[in-house]
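Coordinate inspection notes
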Amino acid sequence: MDKRIGTCTRKTKETDIALTINLDGQGINQIDTGIPFFDHMLDGFARHGLFDLNVKVSGDLDVDSHHTIEDTGIVLGKAVSEALGDKSGIRRYGYFILPMDEVLALSAVDLSGRPYLKYDAGFTVPRLGTMDTEMIREFFYAVSYSAAVNLHLKILDEGNSHHMAEALFKAFGKALDMAVSPEPRIKEVWSTKGSL
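1. Notes on the overall build of the chain
- Each helix and strand counted, the chain has 4 helices and 10 strands in total.
- Mapped in sequence order, the helices and strands of the chain form the string β-β-β-α-β-α-β-β-β-β-β-α-β-α.
- Taken over the C-alpha trace, the chain has a radius of gyration of 16 Å; the compact-globule value for 196 residues is 16 Å, and the two agree within 12%.
- Its C-alpha atoms give the chain principal-axis dimensions of about 45 × 40 × 30 Å.
- With 196 residues in all, the chain has 53% of them scored as buried.
- Counting contacts in the chain only where the partners sit at least 6 residues apart, residues at least 24 apart contribute 76% of the total.
- For the chain, the exposed surface amounts to about 9300 Å²; the carbon and sulfur share of it is 50%.
- Of the side chains in the chain, 21 bear a positive and 28 a negative charge, and the two mean positions are spaced by 7 Å.

Below you can see the structure in the form of structure tokens.
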């Protein structure tokens, strides 16, 4: 396979984002969103998905974290889609159940070209650091729709909210890594339709 690298930029009145992802990386990253807890979550996603990820965001954090987090999700999804190309020769589906101490999180991905998010995570605190916990769903919604993927995320066993958030991001990284991995037995797109 050729190098699978996606780059996306987005500049609005609310955010200025530059992002590059290498799907065949080693989990090396440089992340600066201005939201330390969000940086920590993206680091977990990249390290455990073995994606090389560079993210630089300047957002209107004086308003709140919404635009920065949602727009980063949009840009990440577009970069992943670009890196995948026509999706020939990949596994397409990926899943992972990730334990983090008392928490158990599930992530399942289908790179179907049909966007959908099913999300089930009940946080007991409104904020983790300076990141609103309700923005975790908004981030994954933005990724799923901009990358046109079917994404399921579910907390199977609840616990500490930090553990829950981290488990979701890491499980997503692991599931996406499986889905984008080459399947040596096929060369074409893995679909009865002939395209994704």
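2. Some thoughts on the sheet that holds strand β1 (residues 5-11)
- Strand order in this open sheet of 4 strands is β1-β2-β4-β3, and the pairing throughout is mixed. Since the sheet does not close on itself, it has two edges, and those belong to β1 and β3 (29-32), each with one partner. Looking at each pair of strands side by side, their axes are set apart by 5° on average, direction ignored.
- Two strands pair when backbone bridges link them, and β3 and strand β4 (residues 52-59) are joined in this way by 4 bridges, in the parallel orientation. Counted as the bridge partner of D32 is K56 from β4.
- Along the sheet, helix α1 (residues 36-49) contacts β2 (15-22), β3 and β4; its crossing angle with β3, the most-contacted strand, is approximately 160°.

3. Some words on the pairing of strand β7 (residues 116-120)
- Because side chains alternate across β7, one face comprises the buried residues L117 and Y119, and the other comprises Y116, K118 and D120, none of which is buried.
- Bridging between β7 and strand β10 (residues 150-157) involves 5 bridges; their strand directions are parallel. Its bridge partner lying in β10, K118 is registered against H152.

4. Observations regarding empty space enclosed by the protein
- Under the criterion given, the structure shown has 1 cavity of 30 Å³ or more.
- For the largest cavity, the calculated volume is near 40 Å³.
- Taken together, L76, V80, V143, A147, V149, F172 and L176 form the lining of the largest cavity.
- Within the residue set of the lining of the largest cavity, elements represented by two or more residues are α2 (66-84), α3 (134-147) and α4 (161-180).
- Residue classes in the lining of the largest cavity are distributed as 7 nonpolar, no polar and no charged.

5. As for the packing of α3 against α4
- α4 packs onto α3 with a crossing angle of 15° between their chain directions and a minimal axis gap of 11 Å. Judged by the angle between their axes, α3 and α4 are roughly parallel. The chirality of how α3 crosses α4 is left-handed. Between α3 and α4, the residues in contact are I136, F139, F140 and V143 and A165, L168, F169 and F172, respectively.
- Residue composition of the contact of α3 with α4, by class: 8 nonpolar, no polar and no charged.

6. What about the side chain of D132?
- Locating D132 in the fold gives a position in strand β9 (residues 131-132).
- Note on D132: relative accessible area 14%, which makes it buried.
- In this structure D132 touches S65, P126 and R127, once residues within four positions along its chain are discounted.

7. Some details on the sheet that holds strand β6 (residues 103-110)
- Taken together, the 4 strands give an open sheet; going across it, the order is β5-β6-β10-β7, and neighbouring strands pair in mixed fashion. Two strands lie at the open edges of the sheet, namely β5 (93-100) and β7, each paired on one side alone. Across this sheet, the average inter-strand angle for adjacent strands is 10°, counted without regard to direction.
- As paired elements, β6 and β10 share 7 bridges and run antiparallel to each other. In the sheet register, L106 faces β10, and the bridge partner there is K154.
- With respect to the sheet, α3 is in contact with β7 and β10, its orientation differing from that of β7 by roughly 160°.
- Strands β5, β6, β7 and β10 of the sheet are contacted by α4, whose axis makes an angle of about 150° with β5.

Calculation rules
For every chain, the first residue of the written sequence is number 1, and numbering continues from 1 along that sequence. Whole-chain, interface and lining totals are the exception, using all residues; otherwise, since this is a predicted model, local features are given only for residues with pLDDT of at least 70 and side-chain atom pairs are given and counted only at 80 or more. Hydrogen atoms and water are omitted, and side-chain values are computed over all heavy atoms in the structure. Elements are defined by DSSP. Helices are runs of H or I of four residues or more, strands are runs of E of two residues or more, and each kind is numbered from the N terminus. For a compact globule the rule gives 2.2 Å times the number of residues to the power 0.38, and the radius of gyration it is set against comes from C-alpha atoms. Exposure classes here rest on a 1.4 Å probe applied to the protein chains alone. A residue is buried below 20% of its type maximum, exposed above 50%, and partly exposed in between. Note on contacts: a residue pair qualifies if any of its non-hydrogen atoms lie within 4.5 Å across the two residues. In short, Shrake-Rupley with a 1.4 Å probe defines the accessible areas, and a residue's cover is counted only from the protein chains shown. Charged-residue counts in this description rest on Lys and Arg as positive and Asp and Glu as negative, His and the chain ends being excluded. To locate a charge, the coordinates of NZ of Lys, CZ of Arg, CG of Asp or CD of Glu are taken. Criterion used throughout: strands pair if DSSP finds at least two bridges between them. Orientation is described by axes fitted as lines to C-alpha atoms, over the contacting stretch for helices, and by angles from 0 to 180 degrees between their N-to-C directions. The method works on a 1 Å grid over the protein atoms by themselves. A cavity is a set of points holding a 1.4 Å probe that cannot get out, a pocket is an open set with protein on both sides within 12 Å along at least five of seven lines, and residues with an atom within 4 Å of a point line them. Grid points are joined across faces, edges and corners, and a volume is the space filled by probe spheres set on the points. The residue classification treats Ala, Val, Leu, Ile, Met, Phe, Trp, Tyr, Cys and Pro as nonpolar and Asp, Glu, Lys and Arg as charged. All others, Gly included, are polar. Our angle categories are set so that under 35 degrees counts as roughly parallel, over 145 as roughly antiparallel, 65 to 115 as roughly perpendicular, and the remainder as oblique. Two helices that cross are described as forming a left-handed crossing if the nearer one is turned anticlockwise from the farther one by less than a right angle, and a right-handed crossing if clockwise.

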